[in-house]
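The primary structure of each chain is shown beneath.
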Amino acid sequence: MRVAGKGLVNRDKSVTFRFDGVSYTGFEGDTVASALLANGITLMGRSFKYHRPRGVLTAGSEEPNAMVTVGEGAGAEPNVRATVQEIYEGLMVRSQNAWPSLDFDVMAVNDLAAPFLGAGFYYKTFMWPKRFWEAIYEPVIRKAAGLGALSGKHNEDTYEKAFAFCDLLVIGAGPAGLMAALAAGRAGVDVILCDEDMQVGGRLLAESGAVGHLSGADWAASVMAELEAMANVRVMTRTTVTGAYDGGTFGALERVNQHTGKRGGGAPLECFWRIAAKRSVLAAGALERPIAFQNNDRPGVMTAGAVRAYLNRWGVSPGEKVTVFGNNDDAHRTALDLAAAGVHVAALIDSRQGITVEAASFPVIVGAQVCNAAGRKALESVTVRTSAGEQSIQTDCLAVSGGWNPTVHLTCHMNGRPTWREDIQAFVPTAGSIPDMAVAGACDGVFSTLGCLKDGLRAGQEAAEALGKRVVAVDLPVADDAAYALEPLWAVAGKGRAWLDFQNDVSVKDIKQAAVENFRSVEHMKRYTTQGMATDQGKNSNVMALAVLADATGRGIPETGTTTFRPPYGPVAIAAMGAGAQGHGFAPERFTTSHKRSVERGAPMIEAGLWYRPSYFPKAGETTWRQSCDREVGYVRKAVGVCDVSTLGKIDIQGPDAAELLDFVYTNLFSTLQVGRVRYGLMLREDGTVMDDGTCARLGETHYVMTTTTAAAGAVMRHLEFVTQCLHPEWQVAFTSVTEQWAQFAVAGPKARELLNGVLAQPVDGESFPFMGCGPVEVAGVQGRLFRISFSGEHAYEVAVPSRYGASLFDLLLEHAERMGGGAYGMEALNVLRIEKGFITHAEIDGRRTAFDIGAARMISAKKDCVGKTMAARAGLMDEMRPQMVGIKPVDAAAVLSAGAHLYECGAAQVNGNGLGHVTSVGYSPDLGLQIGIAFVARGAARHGDVVRFVDAVRGLETDVEVCAPVFVDPEGGRVRG
Amino acid sequence: MRIDCPLCGARDRREFYYQGAAVALNRPAPDAGVEAWDDYVHLRDNPAGETRDLWHHEAGCGAWLVVTRDTVSHAVSRVELATDVKGAMA
Amino acid sequence: MGELKAVSACAGLVPVCIGSVTVDGMDLECMTSLSPFGDALALDGALKKAHGVGWPQAGQALGDATVRVIWFGRNEAVLIGPEADQGLGDVAAVVDLSDAWAAVSVEGAGTVDVLARLVPVDLRAAAFGEGQTVRTQLGHLGASITKLGPERFMILVFRSMAATLIHDLKQAMAGVASRG
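Residues numbered from 1 in each chain as written. Chains lettered and ligands numbered in written order. Predicted model: local features only at pLDDT ≥ 70, side-chain atom pairs only at ≥ 80, totals over all residues.

This next bit is on the overall build of chain A. Within chain A, the secondary structure is distributed over 24 helices and 50 strands. With the C-alpha coordinates aligned to their principal axes, the bounding extent of chain A is approximately 110 × 70 × 55 Å. Relative to its full complement of 978 residues, chain A shows a buried share of 56%. Summarising the internal contacts of chain A: among those between residues at least 6 apart in sequence, 66% fall at separations of at least 24. (Helix = DSSP H or I, 4+ residues; strand = E, 2+ residues; numbered from the N terminus. Buried ≥ 20, exposed ≤ 12 C-beta atoms within 10 Å, placed from the backbone. Contact = placed C-beta atoms within 7 Å.)

Here it is in structure tokens:
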């Protein structure tokens, strides 16, 4: 119910939203939780395992119970905390983990079976029979347990990623964070201030105390106004800093439009920030912990600080008759604030003896404990135990405080361990846990408002000084400075289940059971009981649970230790972390200059690394890709084919030591190559394995252009950088990637020269351009380059022009080729052509092949050192039993082959370890009229003519194949020189 | 993680390619023998503490860097151009 | 024999205007990569003599709209505008890259916010002024980014990735524009 005259919500602006299909009204500034409480709704969810009715426990992001699904359809988002979700006009919210309804949930029978479902139940019960696990147990458990569910549909919502930089990141905009940002901001520091809430102020928004002559909220607003006016300060609200990483990097999730109905049109729902900061101040505050007692999870039982927040910030009393139970002075504020606001306080129960509360207008029971709560779907009464006995108090809301835990999480993200402080019975951050991070305020165990302001001021000024700024005076406002006093109370003794982890349904009994079964390590206890898992990551329960474990194992809390807090601090949607990477954003798309024309001609494009290349160019009447491919192979073998080969890496190499570099990175010699000639080269890794192959042309005395395979272009570039920077920085040589500068086309086939002479200013002949010749040419009025090289075994050239002319040249070449009975060919034909000649690609040189394996051992020059030469000579890499490259052709000409198949001796058992090798490439050779392949076979060079068994267990193919030389067409190589 | 490139300044780890131990700078002579080559190509220390790695600022200036860092704290204590380190070895 | 027709890298992709930010193609005339052999002193002199602009320090972009020399990486700069003087080849590797890179300008209020969605480098005015340049990433793309004016940047990426560049920029621009 709303309380007159209280709260910061805008009562002039009402907002309508729906919860489980029912329409409710709240005010601007309300969360789903505060608005539902204002409407008298206390039952908001069902628990994970036992489906117990649950209400809201907290008023912040640590909420374990009130989890809801927001929105409908594909983008419906589960497990949103009702305490964080702001209401907006038209918001649709559903409860989760209940069927058929929140009010009547069939799975609540689990609760009756609870005696059997305690810690370790699943581990002990579902062990056998083994096959039952996947078939029966897991599906049933998955259906019964859990939180909300995703829609399973593609989420159309937009998410965003962004980078931010600052000198000082202040995390948390409560009194400490605001003072730190103010002090640093005034000193001129480049500041980012983040807070997960919709507005700055932190606890000040929830408390009734004044700061200076203003209310806490007004003071926060005044500081906000000053910060926003500073050009050097950026305030990011609704932004949760989720993780602290190496080198001053932080992750932060900004909820950009979660509080509005705005979707589509590029408007992001959330933005995941990577913030790089030179220094940071953690002012993340503290979280209140409950006290465990029987049935302490009844809807209406919540933390005392939350009750105060609902009253002071949202003007809502969560009950009509409120009882307060605590072990510390802070809890008293709740009773006093409620009473002052005119809410009936049934009693204040303090577990400590001899406590007095000034100006209490309500019964105060000291030295007492609440030991049970009654009422299933809503709290009806609590049982209070004193030395005099037990009494029942009628109440619909119990505000509980077991003390406060500093929010140490971020300081643990780099393996830091928090330090136990006996005086406040809590862990505080250990100094230095995160380099260049200072901790201030409640987060460091400073619990008074004045203390927080002071501590924040100190942290801000120290940061400014460390960043080389002159410190500017900031007046410290007058504020509450009451001491924080408590006596530890974790769990009230008694029968029944007393809950610690509400989200995972872990009770005091479960922790004790874990200890009995010797899961004494806190990490083991966590995994055995599931305490501290799921979305709240034990924010409410961790310290209580380990206190109970410490007690059960007869150790102190510091010796028991804590589990490790890891990022993220709060849940982050995968969609936010992966923002921008859907669809076209997944990876760069590299298009050749002929891309558009290829697509227009109906060519299916396939990915080659990041590039897109045409598979084949279908013609009218062709119904299968093979028909197109065979026709295109025919172009090259019989007339002329044109293929865009621009994707091959091209590296321009210049300098006095260019030849020396090439001699060192290639196995063969390039210093002896004549200007105007091209040579095929093989590159090894230092371990003797083949890295890449390609041609290299000598354009001038100190000028070469190297080609690499499409796949290895980046790796070869990096390798050249490595050699010239890390091994031979003394060499005077420079190289530049020119892959993108040149559009390059293969023109291959018996009519290749005829075609070229139709487009070149100066016709070429066998003398001016012999096989492996190269040089500058003028192509249709443009300066280009011509290389007489062949990847098909035919008389062929590659002609290059600056990329701006690529599209135009492709058209021109096709026009000529088609007039001559040829045309464009794609990757499929290119593959067949090269298999027919036994030319390798990375299907063969897959990172395991040596020069010896591919029959190129003689390419390792004896005249010089080169990368990989020494290691390539190892006996194991020259062993004749290694799989060597061979050709294969089926004995039955109609048989189908496949790449990836294994080869065995005929009649041998087809088992692992018995193989001879495998098939790397296959294609249909129209010339031979059968499928052919390249394979690696043990002792293969000596086995030409042998028949072996081809087995593809995946595709169910098996046939006899003949091992042969890996050259099927023109073995003498006459055509290429013709 | 951020690496302070001597040419570009502090940059996010995503811009860098990780190679491995800076041992790779000490390429043995071709005739140094099996052990020296085995050490160079395959054997690496796995220290809990200071280590020297080679990183390539691939998405930045293209410089190879020798990065001295602590494998326990992840703190980067020194970043040098590989050309400088190699040059000083000559 | 017909003449070959030139097509620019961003043909059909630009201009793009979303919110207050505009992306447009830039015609750089010539772009030439220069890498000195040995130290850059001789190249610095040759550059000044031939083109009136010297060799840049790391991160430096020299010159103006007619002639620019932009640091392009370790031991590399690009000359943008005029055709490179032949004499430079005596002291440096000279490589024509006029067709290798797609060039766009991004400008207007909020440009820095747009780039902050894509670029892991601080490009705010206080950290990145006119005359500064970086080699970094834009989304997944390797990029050269140079500040040309108060809210104006030049971005270069490999030519083949122009479509991805524009796709990524559009998405970032829409996100920024939606915040108003």
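Picking up where we left off.
As a further point, take the overall build of chain B. A count of helices and strands for chain B gives two helices and six strands. Counting from the amino terminus, helix and strand elements in chain B follow one another as β-β-β-α-β-β-β-α. Seen along its three principal axes, the alpha-carbon backbone of chain B occupies a region of about 40 × 25 × 20 Å. A total of 90 residues make up chain B; the buried ones form 34% of that total. Considering only contacts in chain B between residues 6 or more positions apart, those separated by 24 or more positions represent 50%.

All right, on to the environment of Ala-331 of chain A then. Looking at the secondary structure, you find Ala-331 of chain A in helix 8 (residues 330-340). Ala-331 of chain A has contacts with Ala-304, Val-324, Gly-326 and Ser-401 of chain A, leaving out every residue within four places of it along the chain.

Moving on: the interface of chain A and chain C. Facing 44 residues of chain A, the contacting portion of chain C comprises 42 residues. Elements with a contribution of two residues or more to the side of chain A that touches chain C: strand 8 (158-171), strand 31 (590-591), strand 35 (649-654), strand 39 (734-737), strand 43 (796-802) and helix 20 (806-819) of chain A. Along the lines of polarity and charge, the residues of the side of chain A that touches chain C split into 21 nonpolar, 16 polar and seven charged. (Nonpolar A, V, L, I, M, F, W, Y, C, P; charged D, E, K, R; others polar.)

Before going further, it helps to spend a moment on the pairing of strand 7 (residues 92-95) of chain A. All names here are of chain A. Covered by surrounding structure in strand 7 are Val-93 and Ser-95 only, the residues Met-92 and Arg-94 on the alternate face being uncovered. When strand 1 (residues 10-19) meets strand 7, the two strands line up parallel, connected through two bridges. Its bridge partner being in strand 7, Arg-18 is matched across the sheet by Met-92. As paired strands, strand 5 (residues 67-70) and strand 7 are joined by three bridges and run antiparallel to one another. Within strand 7, the position partnered with Thr-69 by the bridge is Arg-94. (Pairing = 2+ DSSP bridges.)

Residues Ala-180, Leu-193, Val-281, Val-747 and Leu-809 of chain A together with Val-157 of chain C are the most contacted members of the largest nonpolar core, which totals 380 residues. Beyond its immediate stretch of four places on either side in the chain, Val-747 of chain A contacts Val-640, Val-642, Ala-752, Leu-755, Leu-756, Ala-796, Tyr-797, Val-799 and Leu-813 of chain A. (Core = buried A, V, L, I, M, F, W, Y, C linked by C-beta atoms within 7 Å.)

Attention now moves to the sheet that holds strand 7 of chain A. Residues and elements named next belong to chain A. Taking strand neighbours across the sheet as the criterion, the five strands line up as 2-1-7-5-6 in an open arrangement whose pairing is mixed. Only two strands of the sheet have a single partner each, and these edge strands are strand 2 (22-28) and strand 6 (77-81). Pairs of neighbouring strands in the sheet enclose a mean axial angle of 40°, with direction left out of account. (Axes fitted to C-alpha atoms, helices over the stretch in contact; angles between N-to-C directions.)

Let us now look at the environment of Ala-711 of chain A. Its location among the elements puts Ala-711 of chain A in the loop between strand 38 (703-708) and helix 18 (713-727). Residues contacting Ala-711 of chain A, with those up to four places away along its chain left out, are Gly-609 and His-842 of chain A.

It is worth spelling out the domain arrangement of chain A at this point. By a widespread convention, an interface's size corresponds to the accessible area lost as its parts come together. Each assigned domain of chain A is listed with its residue range as follows: domain 1 (1-154), domain 2 (158-286 + 406-466), domain 3 (289-402 + 485-560), domain 4 (596-647 + 741-834), domain 5 (650-737) and domain 6 (880-977). Distance between the C-alpha centres of domain 2 of chain A and domain 4 of chain A: 61 Å. (Domains from an automatic or database assignment.)

With that out of the way, let us pick up the sheet that holds strand 38 of chain A. All names here are of chain A. Overall, antiparallel pairing links the five strands, which are arranged 36-37-38-35-39 in an open sheet. Each end of this open sheet is capped by a strand with a single partner; those strands are strand 36 (678-684) and strand 39. Here the strands of the sheet are splayed against their neighbours by 25° on average, with no regard to which way each runs. The strands touched by helix 18 within the sheet are strand 35, strand 36, strand 37 (690-700), strand 38 and strand 39, with strand 35 carrying the most contacts at an inclination of about 20°.

Right, let's talk about helix 5 (residues 175-186) of chain A for a bit. All names here are of chain A. For helix 5, which comprises 12 residues, the first-to-last C-alpha distance of 16 Å matches the rise-based estimate of 16 Å (1.5 Å per residue) to within 8%. Taken across its 12 residues, helix 5 has 12 buried, putting it largely inside the fold. Inspection of helix 5 places Pro-175, Ala-176, Gly-177, Leu-178, Met-179, Ala-180, Ala-181, Leu-182, Ala-183, Ala-184, Gly-185 and Arg-186 among the buried residues, and these make up the whole buried set. As for helix 5, its buried residues are in contact with strand 8, strand 9 (191-194), helix 6 (216-229), strand 12 (233-236), strand 15 (268-282) and helix 9 (449-466). At the C-terminal side of helix 5, Gly-188 shows a positive phi close to 90°. (Expected span 1.5 Å × (residues − 1).)

Below, the discussion takes up the packing of helix 16 (residues 625-638) of chain A against helix 21 (residues 827-837) of chain A. Residues and elements named next belong to chain A. Packing of helix 16 against helix 21 brings their axes to within 8 Å, and their N-to-C directions diverge by 55°. By the angle between their axes, helix 16 is oblique relative to helix 21. Handedness of the helix 16/helix 21 crossing: right-handed. Between helix 16 and helix 21, the residues in contact are Trp-625, Cys-629, Glu-632, Val-633 and Val-636 and Glu-828, Ala-829, Val-832 and Leu-833, respectively. Residue classes in the contact of helix 16 with helix 21 are distributed as seven nonpolar, no polar and two charged. (Parallel < 35°, antiparallel > 145°, perpendicular 65-115°, else oblique. Left-handed = near helix turned anticlockwise from the far one by under 90°.)

To continue, consider the environment of Gly-90 of chain A. All names here are of chain A. Looking at the element boundaries, Gly-90 is found in the loop between strand 6 and strand 7. Accessibility expressed as a C-beta count within 10 Å gives 10 for Gly-90, which makes it exposed. Spatially, the C-alpha atoms of Gly-90 and Val-779 are 65 Å apart, while their sequence positions differ by 689 residues.

A separate point is unusual backbone geometry. At the junction of Pro-567 of chain A and Pro-568 of chain A, the peptide bond is cis and its omega measures out at -5° in the coordinates. Inspection of the secondary structure puts Pro-568 of chain A in the loop between helix 13 (557-560) and helix 14 (574-577). The step from Val-14 of chain C to Pro-15 of chain C runs through a cis peptide bond, and the omega angle for that step is 0°. In this structure, Pro-15 of chain C sits in the segment before strand 1 (16-18). Backbone geometry at Asn-79 of chain A places phi at a positive 60°, although glycine is not the residue there.

Each packed pair of helices is defined by two parameters, the angle between the axes and the distance between the axes. Residue and element names in this part refer to chain A. Packing of helix 10 (residues 508-516) against helix 12 (residues 542-553) brings their axes to within 9 Å, and their N-to-C directions diverge by 45°. The angle between helix 10 and helix 12 places the two elements in the oblique class. At the point where helix 10 passes helix 12, the crossing takes the right-handed sense. Counting all contacts with helix 10, which are made through Val-508, Ile-511, Lys-512 and Ala-515, the residues of helix 12 involved are Ala-545, Val-548, Leu-549, Ala-552 and Thr-553.

Now for the pairing of strand 46 (residues 902-905) of chain A. Residues and elements named next belong to chain A. Alignment of strand 46 against strand 47 (residues 917-925), held across two bridges, turns out to be antiparallel. By the bridge assignment, Leu-903 is partnered in strand 47 with Gly-917. Bridging between strand 46 and strand 49 (residues 947-952) involves four bridges; their strand directions are antiparallel. Bridging from a neighbouring strand, Tyr-904 pairs with Arg-949 of strand 49.

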